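This is what each chain is made of:
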Amino acid sequence: MTIEMLYSKIHRATVTDANLNYVGSITIDEELLEASKMRVGQKVEILNINNGERFSTYIILGERGKRDICLNGAAARKVHKGDKIIIVAYATYDEKELDDYAPTVVIVDDENEISEILHEI
């Protein structure tokens, strides 16, 4: 049996921009992607703490060190600049893999600087 579990998340990121006139996706700073072990093109769920919106999109690469978290295209209508969001990625695990299961949780401050990286929920 396989089980879908939390793979990684970036917790309480601040939206730096919302660009309606773009094809779609979420732009995430390269350093945050590396820390979270997320990948360009990966499907993620966005949880908007400010308004309760939950929606899915995919990741595009942001410039390293700029700390950008930008929602693009239709997703731009679901956030405002300054909103706090949680970016969540899931993966499917075999039951045997769960013996060593440890998701990556990247906690960021108000400027999207990494405060802490946890390997637990």
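Notes on the structure in this doc start here. Owing to the predicted nature of the structure, the values given are computational and were not obtained by experimental measurement.

Next up on the list: a nonpolar patch on the surface. Side chains of Tyr-22, Val-23 and Tyr-58 sit close together on the surface and give an oily, nonpolar patch of about 330 Å² of accessible area. Assignment of secondary structure puts Tyr-22 in the loop between strand S2 (17-19) and strand S3 (25-29).

Opposite charge on two side chains makes pairing possible when the charged atoms of those side chains draw close. This structure, assessed with the given rule, holds 10 salt bridges. Salt-bridge contacts for Arg-64 lead to Glu-31; the nearest nitrogen and oxygen are separated by 4.0 Å. Of this pair, Arg-64 sits in the loop between strand S5 (54-62) and strand S6 (69-72) while Glu-31 is found in helix H1 (residues 30-36), placing the two residues 33 residues apart along the sequence. In this structure, Lys-78 and Glu-53 form a salt bridge, with 3.3 Å as the shortest nitrogen-oxygen distance. Here Lys-78, found in the loop between S6 and strand S7 (84-94), pairs with Glu-53, found in the loop between strand S4 (43-48) and S5; they are 25 residues apart in sequence, far enough to count as distant.

Criteria and cut-off values
Residues numbered from 1 in each chain as written. Predicted model: local features only at pLDDT ≥ 70, side-chain atom pairs only at ≥ 80, totals over all residues. Heavy atoms only, no water. Patch = residues over 30% accessible without salt bridge, like charges linked within 9 Å, V, L, I, M, F, W, Y side chains within 5 Å. Areas by Shrake-Rupley, 256 points an atom, 1.4 Å probe, with all protein chains shown as cover. Salt bridge = Lys/Arg side-chain N within 4 Å of Asp/Glu carboxyl O. Helix = DSSP H or I, 4+ residues; strand = E, 2+ residues; numbered from the N terminus.

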